[in-house]
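Structural characterization, general
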Amino acid sequence: MSFLTKLVLVPALLAVVRSEFPFDLEADLELEPGVTRNEDLTSYRLPEDLDPIHADIEITPYFETAPAGKEPFTFDGVTRHIFKAVKDNLNAFVLQDNVRDVRTVSLTTADGTLVALNAANPFERIRQYFFLKINLAEGITLVNGEIYHLTIEYIGNINETPMTRGMFRGSYIDNGTLHWYAACHLQPTHGRQLFPSFDEPGFKSTFNITVNRPANFTETFSNMRIRDTVDMGDRVKEYFYQTPRMSAYLITIHISAHFKVLSENYDNEKSYRIIGRPNAEGQGEYALEVGPPLTKWMEDYFGIEYYTMGEDMKNDQLASPDWASGATENWGLVSYRELRLLYEEGETNAADKISIGTITAHELAHKWFGNYITARWWDNVWINEGFASYFEYFAMDAVDKDLELKDQFNIMYLQSALSADSSASTRALRHTVNSPAEVTGHFSGISYTKGASLLLMLKHFLSEDTFKKALHTFLVDRAYEHAFPEDLYRAFKAAVTEDGIIGNVDIEAFLNTWVDQPGYPVLSVSVDTNSGLVSLKQDRFYLSATATPTDETWPLPLTYTTSRNPDWENLTPSEVMLGKTHQIPIEPGYDWVIFNVQQQGIYRVNYDTKTWENIANSLRSNHATIHHLNRAQIVDDVFALMRSENMKYDLGFRVLDFLKQDTSYFSWYPAITGLNWIRNRFLHLPEVLAQYDEQMYEFLDAVIKDLGYDVPSVEPVTKTLNRFYTLTFACNIGHKGCTEDAVQKFRAYRDGTSSSVNPNLRRHVFCQGLREGGYEDWKFLKERLLRSNNQADSIAMLRSLGCTPNEQAIQEYLEMLLSDNIKAQDRLNGFTFLFMGNRGNSKVALQFLKQRVADIRAAVILPASFNSILSNMAAYLDNEGLDDMEQWLRNNQADVPEFNVGLNAIASARTSMKWGTDRAKEILEAVQGSGTVPGGAASIIVPTITLLLSSVVAMMLR
Ligand SMILES: *[C@@H]1O[C@H](CO)[C@@H](O)[C@H](O)[C@H]1NC(C)=O
Ligand SMILES: *[C@@H]1O[C@H](CO)[C@@H](O)[C@H](O)[C@H]1NC(C)=O
Ligand SMILES: *[C@@H]1O[C@H](CO)[C@@H](O)[C@H](O)[C@H]1NC(C)=O
């Protein structure tokens, strides 16, 4: 699964279980004796009584016109499981099941002899735990070590939207006609919706898939190639080759009348194809350009070929207009949300284009880490997602150096890990999960970002050769099997021992601490200027200033360099700090020492005041004396240290003053996050805000001059990205140069004076154009959205449409979000775009919510999405709006059972305003350099509005 869109699911709540269940829950059913399991921790888990060997799955789908006796958008299914009993005396056993209806069940031995089932109750469905329990006749038990065949006839649903996963339907419009298709998204716990199954990653088997498609449809796409087809009149029976031995969640089937290969490499042995709707012709070229070299690079790096992993392996990538996450790594056929795979020159912006490359790398890396070897259970999903995220950046970096992904990893992933992992409620990489909702929740930022950052730190610690060797050993050792973290540790231990490196550091203990301990340290550095001696201390870093300190330590690989002889290229740690404190003698006579060179380690650094002052002076006189990734580190660390009250604002802003000259993307990306976070807490204080913004314009001066308002035909991509994010920030805060240029560009486009706006400028140009425009301008852009044939572009339009302040336009926007013009997967973002787009829009949306609460809840499908709408709305409301929302929630608890989510968000919005009010004076003085604040900030508290985008939401929309 890819990181970008799954963040929507972070606040996954228990209620998700309800939505994933196509029926009403029956009363709590008790398991009969004979099925053993631990009630407390593993109630949703299959007991390890059976060892699956193989399954056949045969699907006959019905679309909008179903024959008599069949329901539209359902399918008939037959599955045959071949498994071995590995326990004595089983008189009953369970599989996972969440299909529409189970019709018949029969059991035979391997030679076809019927095994008698309990005549009165041959099978029962235990809905609460998604179990199908098979009851053998009294006195009959499975023989330990024997092989059995279990055949089940059933009916499945082709669910209404991708949000419920399983097999679902999606649609697209081609030349005015709506076309349906069916697709499968089974990760992580939705295999049971496609067929009663051993639906846990640790249970692996081979699969033979058969599909009876309508005869007038095009060929079905699945994990494997079609082995044979049989004409059956109005249907065609398609037999697919047997899959490799794999987990059930990796199965996929895509059935449609028209989907086709958009581009391919015409290499039968190492086939690489991009598949999509026929009217996306021409948009698969970029994906084809990056995919084969990525596959090749990984084959070389891991020392295991891709195309020999299964019989007649293919490597298809399919663009699905409807998809719940960013992409999913089904073996042989990866499915992507369309905007993550299809690129249209002149329409797709650089950020979305890069994510096509990185997400492809992520999904391809899963072929080795996830498919070939698989975490035993989702408690260690980081083994799948951490590796995939690491190679997402570093494999793509190897294939295209110009994207500077090695460096972008820091600001996109490492700093994101530091942010997510600094709350008191963060979780360790290995974290116990049981129910489907808990499983989904563990596909959280930490599993991706911290997992990947740990691997990066490890690579520098061990050297790339040893790192590579360990990965190869791990993959070979656990091929086609499941793996525990201990298997990985063992592989690292073997590689380290063989290469005779890292002395007496116990690599298994090292890894164990980082995997099992939540959080990470801040390193406090104190320099004795006379002797040069550096004293170090590590403490767990909590972002909240009121968090109770705790005293864990981490084995910390240290790198540092000093002003006397700065060396930014040596990333090999000089030592590993194992205790709470440590000392390093350095020859005196340096101004500063910088720890965590190029920020390749998972820790923040705080210095004594004198050292900070020296760093600040050095940066002010020539920021290039410090490496750009360490400037990025300093910016990110300083904001975190100020927020956690480990650093005074005046010192912090003295350090940050260099941003007035630095124009690097790597400095500005974290700077915008930090500056915006503070600014969002001043929105209810108009005079403070005005003065803060004046200072922001000064900060922005040099970087905007350097970037300009237009995109030259040739420039580094990070400069394009920097302009994209920086001008969006500048226009949002009313920077005159930015807003005037944007409005002028928008009007020229609207008038037809200019035929297009560069996609890398559209975000702020269209947004500002609508902010300063009227209903007709909005309508103009809406029509452009409806005409768009590239999904990345249409999402960019949707985002801009949310910027309108026009009441009629806002009403139409809200209606549109609930209509078929907007896909279910985009509706939550659609609401957020509106709140973010223009101050005051959330108040209009609140009135809409009051009238249409049931419609909105139904339109976004997932309870977690509806909850996010409530929380995000509160985050953007002013005081008056918060009071209004609170009163409505309190008065309508029966209609809005989620009211507590809203009330919590309201409380947190008020806390954030108070945070701003309490610190306004101190921060303004710090930002302004020194001196007093005219008028005195605290006396001018006029409530207007607040806006508290959590970093999670901001990343999701990036
Ligand atoms: C689109 O549909 C119209 C009317 O049904 C038809 O005349 C036209 O040929 C179609 N265009 C394409 C490109 O198929
Ligand atoms: C396929 O045939 C069915 C039944 O005749 C018909 O309803 C449907 O529209 C056809 N679909 C396509 C894509 O031609
Ligand atoms: C699965 O299909 C393959 C053909 O691809 C066949 O050789 C094999 O016997 C089938 N497996 C089982 C268990 O039926």
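Every residue gets a number counted from 1 within its own chain, in the order that chain's sequence is written. Here the convention is simple: chains get letters from A, ligands get numbers from 1, in the order in which they are written. Confidence filtering applies because this is a predicted model: local features only for residues at pLDDT of at least 70, side-chain atom pairs given and counted only at 80 or more, and all residues used for totals across whole chains, interfaces and linings. Heavy atoms from the whole structure form the basis of all side-chain values; hydrogens and water molecules are not counted.

**Description of the sheet that holds strand β3 (residues 92-96)**
Sheet strands associate in pairs through backbone hydrogen bonding, adopting either a parallel or an antiparallel arrangement. For two strands to be treated as a pair, DSSP must find at least two bridges joining them. Secondary structure is summarised from DSSP: a helix means a run of H or I of at least four residues, a strand means a run of E of at least two, and numbering begins at the N terminus for each. As summarised here, the arrangement of the 3 strands in space is β3-β6-β5, forming an open sheet in which the pairing is antiparallel. In this open sheet, the two strands that pair with only one neighbour each are β3 and β5 (123-126). Neighbour-to-neighbour, the strand axes of the sheet open up by a mean angle of 25 degrees, direction not taken into account. Here β3 runs beside strand β6 (residues 131-135); their pairing, made up of 5 bridges, is antiparallel. In the strand pairing of β6, Ala-92 is matched with Asn-135. Interaxial angle, 0 to 180 degrees, is taken between N-to-C directions of lines fitted to C-alpha atoms, where a helix line uses only the stretch in contact.

**Points about the packing of helix α20 (residues 736-751) against helix α21 (residues 762-771)**
For the pair α20 and α21, interaxial distance at closest approach is 8 Å and the crossing angle is 85 degrees. In terms of their interaxial angle, α20 and α21 are classed as roughly perpendicular. Every residue of α21 that contacts α20 at Cys-738, Thr-739, Ala-742, Val-743, Lys-745, Phe-746 and Tyr-749 is listed here: His-764, Val-765, Phe-766, Gln-768, Gly-769 and Leu-770. Its residues assigned to classes, the contact of α20 with α21 shows 8 nonpolar, 4 polar and 1 charged. Orientation is classified from the angle alone, with under 35 degrees giving roughly parallel, over 145 giving roughly antiparallel, 65 to 115 giving roughly perpendicular, and any other angle giving oblique. Here, residues are in contact when the closest pair of their heavy atoms is within 4.5 Å. In this classification, Asp, Glu, Lys and Arg are treated as charged, Ala, Val, Leu, Ile, Met, Phe, Trp, Tyr, Cys and Pro as nonpolar, and every other residue, Gly included, as polar.

**Overview of the packing of aromatic side chains**
Only centres within 6.5 Å qualify two rings of Phe, Tyr or Trp (six-membered ring in Trp) as a pair; their planes then separate them into stacked at under 30 degrees, edge-to-face at over 60, and tilted for everything else. By the definition in use, this model includes 61 aromatic pairs. Positioned above the aromatic ring of Trp-377, the side-chain terminus of Arg-45 is 3.8 Å from the ring centre. The aromatic ring of Trp-180 is capped on one face by Arg-169, whose charged end is 5.8 Å from the ring centroid. Geometrically, a lysine NZ or arginine CZ counts as sitting over a ring once it is within 6 Å of the ring centre and also within 35 degrees of the ring normal.

**Quick word on the environment of Val-211**
By secondary structure assignment, the location of Val-211 is in strand β10 (residues 204-214). Summary of the burial criterion: residues with accessible area below 20% of their type's maximum are buried, those above 50% are exposed, and those between are partly exposed, where the area comes from a 1.4 Å probe applied to protein chains only. The class for Val-211 is buried, based on a relative accessible area of 0%. The sequence separation of Val-211 and Phe-63 amounts to 148 residues, and the corresponding C-alpha distance is 14 Å.

**Details of the side chain of Arg-376**
Inspection of the secondary structure assignment puts Arg-376 in the loop between β21 (374-375) and α7 (381-399). Note on Arg-376: relative accessible area 6%, which makes it buried. In this structure Arg-376 touches Arg-45, Glu-48, Glu-200, Pro-201, Gly-202, His-482, Ala-483 and Phe-484, once residues within four positions along its chain are discounted.

**Things to note about the site of ligand 3**
Taken together, His-54, Arg-80, Ile-82, Asn-208, Arg-227, Tyr-241 and Gln-242 make up the full set of residues adjacent to ligand 3. Whenever two N or O atoms come within 3.5 Å, that pair is a polar contact, provided that in protein one can donate a hydrogen and the other can accept it, and provided that, for residues adjacent in sequence, both atoms are side-chain atoms. Contacts to ligand 3 include Arg-227, whose side-chain N or O atom sits 3.1 Å from an oxygen atom. What sets the accessible areas is the Shrake-Rupley method with a 1.4 Å probe; for residues, cover comes only from the shown protein chains. When ligand 3 is considered free in solution it has 360 Å² of accessible area, and contact with the protein chains removes 57% of it. For the shell around ligand 3, a count of residues per class yields 2 nonpolar, 3 polar and 2 charged. Whether a residue is near a molecule or strand is decided by its heavy atoms; if any one of them lies within 4 Å of it, the residue is near.

**With respect to the sheet that holds strand β28 (residues 581-584)**
Pairing in this open sheet of 4 strands is mixed, and the strands run β28-β24-β23-β30 from one edge to the other. The open sheet is flanked by β28 and β30 (604-607), the only strands paired with a single partner. Direction aside, neighbouring strands of the sheet carry axes that sit 25 degrees apart on average. Note that strand β23 (residues 521-527) and β30 share 4 bridges and pair parallel. From the neighbouring strand, Val-522 faces β30, where its bridge partner is Arg-604. Together, β23 and β30 form the strand contacts of helix α14 (residues 609-621), whose direction differs from that of β30 by roughly 105 degrees.

**What about the UniProt feature "site: Transition state stabilizer" (unreviewed entry) in the protein chain?**
In the numbering adopted here, UniProt assigns the feature "site: Transition state stabilizer" (unreviewed entry) to Tyr-448. Following the sequence through the fold, Tyr-448 ends up in helix α10 (residues 445-462). Overall, the relative accessible area of 0% leaves Tyr-448 in the buried class. UniProt positions are given in the numbering used here, feature names are shortened, and annotations may be inferred rather than shown by experiment.

**Overview of the state of the cysteines**
Here, a disulfide means two cysteine sulfur atoms that sit within 2.5 Å of each other. The full count for this structure, using the stated rule, is 2 disulfides. For Cys-731, the disulfide goes to Cys-738, at an S-S distance of 2.2 Å. The chirality of the disulfide connecting Cys-731 with Cys-738 is left-handed, given an S-S dihedral of about -105 degrees. The class of Cys-738 is buried, set by a relative accessible area of 0%. In this model Cys-767 forms its disulfide with Cys-803; the gap between the sulfur atoms is 2.0 Å. Because the torsion about its S-S bond is -100 degrees, the bridge between Cys-767 and Cys-803 counts as left-handed. Of this pair, Cys-767 sits in helix α21 while Cys-803 sits in the loop between α23 (791-801) and α24 (807-818), and the two are 36 residues apart along the sequence. Here the cysteine-cysteine linkages of the protein chain are recorded as 1-2, 3-4, numbering only bonded cysteines and doing so in sequence order.

**With respect to the pattern of salt bridges**
Definition used for salt bridges: Asp or Glu carboxyl oxygen within 4 Å of a side-chain nitrogen of Lys or Arg. Enumeration over the complete set of coordinates arrives at 65 salt bridges. The salt bridge involving Glu-347 is made with Arg-762; its shortest N-O contact spans 3.0 Å. Here Glu-347 is found in the loop between β20 (333-337) and α6 (350-366), whereas its partner Arg-762 is found in helix α21, with 415 residues between them in sequence. Residue classification places Glu-347 among the partly exposed positions, given a relative accessible area of 24%. For Arg-762, a relative accessible area of 3% translates into the label buried. For Asp-710, the salt bridge goes to Lys-745, with nearest N and O atoms at 3.0 Å. Here Lys-745 lies in helix α20 and Asp-710 lies in the loop between α18 (686-707) and α19 (717-732), a separation of 35 residues in the sequence. A relative accessible area of 14% means that Lys-745 is categorised as buried.

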